[in-house]
Amino acid sequence: MTTPMRLRARVEAPGKDVHQALTDATAMRIWLAEKAEVELPTRYEFWGRYTPEGDVPRQRLLHVDERTLRYTWTLDGQDTTVEFSIADESPGSSILTLSQTDLPTLQESIEGHGSRHVMHTHWAMYIANLVDHLEGREITMRCDFTSPEMREQLVIDAPRSAVYDSLIDPSKFRRWFGANIDIEPHVGGRVAMGGFELDPDPQARILELEPDRKCTIQWHPDMVSSWELEDSEGKTRLTFVQSGFDDGRPDYGSWLGWMSGVAELRRFHELKDWRPIWLEVEVEGMPEGMLYSESQ
């Protein structure tokens, strides 16, 4: 079964700047891919280690104008269609909409391991990078699809205790991560994405907990994630590691999902007038109640 995916994000940049970042090869090599070549209106390609199946370019440009970019991207031997559209929200602010066709449902993506199965979280990560790039901030990360190692270290401009609270306090976690979660903050405590109401007996349990320093969660027998916090010149150095999986089948989808959340965690702590970049997420198979909004 396949279904279109749709994401909408706010960018504090004019539409023309968004368009340039989407179509300029030099900019694409910063926020998106290791390698990129663009010759509009005939060629739009990106590839390399930060791209699924990135040994060669697999895109074919279909249409481009000042507000729209559309191309096919062959993944798992199947053509998908990616479309970006840009709309003005206000002077200096734009709304970017992404859609991609012929993808698995969310549940199929969680259970599968093909390149199409990572697209939901792939775009969450790379659109977050695009927004930060356009707003003059360093990007959070790019996923190396040639390596099974999933370890990232970054600095957040906030006190260690504040970062820890936003990782362990469900009400704060919901704000930056954009999804409901319930956490019992002790060793052996339950952790449920979607909340205990949806999943009263989750597999996930806290394995280690050191207040203001570390939290390790075993999500299921083959997946462990660990957050470690250290002081760094008045800021916080966060090290995030995902482990426990078969090195022959790295769970890039989960990794990208967590790291796209970390991108928002940075913004949550560092931007004075923070608000989520995400306006809308449409993914078939998302359980009711999983997504969180301020109106709930």
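Data block above holds the structure.
Please read all numbers here as calculations on a predicted model, not as lab measurements. (Residues numbered from 1 in each chain as written. Predicted model: local features only at pLDDT ≥ 70, side-chain atom pairs only at ≥ 80, totals over all residues. Heavy atoms only, no water.)

**Q** What is the right way to look at the pairing of strand E14 (residues 235-243) in this model?
**A** Along any regular strand the residues' side chains alternate between the sheet's two faces. Where strand E8 (residues 151-156) meets E14, 6 bridges bridge the pair, whose relative direction is antiparallel. In the strand pairing of E14, Ile156 is matched with Thr236. Of the pairings in the sheet, the one linking strand E13 (residues 223-232) to E14 comprises 9 bridges and is antiparallel in character. Note that in E14 the partner of Ser226 across the bridge is Val241. (Pairing = 2+ DSSP bridges. Helix = DSSP H or I, 4+ residues; strand = E, 2+ residues; numbered from the N terminus.)

**Q** Please explain the pairing of strand E7 (residues 93-103) as it appears in this structure.
**A** Counting buried residues along E7, 8 of its 11 residues qualify, which places the element largely inside the surrounding structure. Across 8 bridges, strand E6 (residues 78-90) lies against E7 in antiparallel orientation. Paired with Glu83 across the bridge in E7 is Ser99. In textbook terms, the turn of a hairpin is the stretch between consecutive antiparallel strands, and for E6 and E7 this stretch comprises 2 residues, one of which, Gly92, has a positive phi near 85°. (Buried < 20%, exposed > 50% of the residue type's maximum accessible area, 1.4 Å probe, protein only.)

**Q** Help me out: how do you make sense of the pattern of salt bridges in this one?
**A** Two side chains with opposite charge may pair up if their charged atoms get near one another. Counted by the stated rule, this structure contains 25 salt bridges. With a shortest N-O distance of 2.8 Å, Asp132 and Arg267 are connected by a salt bridge. With Asp132 in helix H4 (residues 119-134) and Arg267 in helix H7 (residues 252-270), the pair connects residues that are 135 residues apart, well separated along the chain. One exposure class covers both Asp132 and Arg267, and it is buried. One salt bridge in this structure joins Glu135 and Arg267, with 3.1 Å as the shortest N-O distance. Linking Glu135 in the loop between H4 and E8 with Arg267 in helix H7, this pair joins segments that are 132 residues apart in sequence. Residue classification places Arg267 among the buried positions, given a relative accessible area of 5%. Connected through shared salt-bridge partners, Asp132, Glu135, Arg137, Glu264, Arg266, Arg267 and Glu270 make up one network. (Salt bridge = Lys/Arg side-chain N within 4 Å of Asp/Glu carboxyl O.)

**Q** Could you clarify how one ought to interpret the packing of aromatic side chains in this entry?
**A** To describe a pair of aromatic rings, you give the distance between the ring centres and the angle between the ring planes. Under the definition given, this model contains 18 aromatic pairs. Residues Trp73 and Trp123 carry aromatic rings whose centres are separated by 6.1 Å and whose planes lie at 75° to one another, so their mutual orientation is edge-to-face. Linking Trp73 in strand E5 (residues 68-75) with Trp123 in helix H4, this pair joins segments that are 50 residues apart in sequence. The burial state of Trp73 is the same as that of Trp123; both residues are buried. Connected via pairs of aromatic rings, a cluster forms that spans Phe173, Trp176, Phe177, Trp219, Trp227, Phe240, Trp255 and Trp258. Above the ring of Phe196, the side-chain terminus of Arg190 is found at 3.9 Å from the ring centroid. (Phe/Tyr/Trp six-rings, centres within 6.5 Å; stacked < 30°, edge-to-face > 60°. Lys NZ or Arg CZ within 6 Å of the ring centre and 35° of its normal.)

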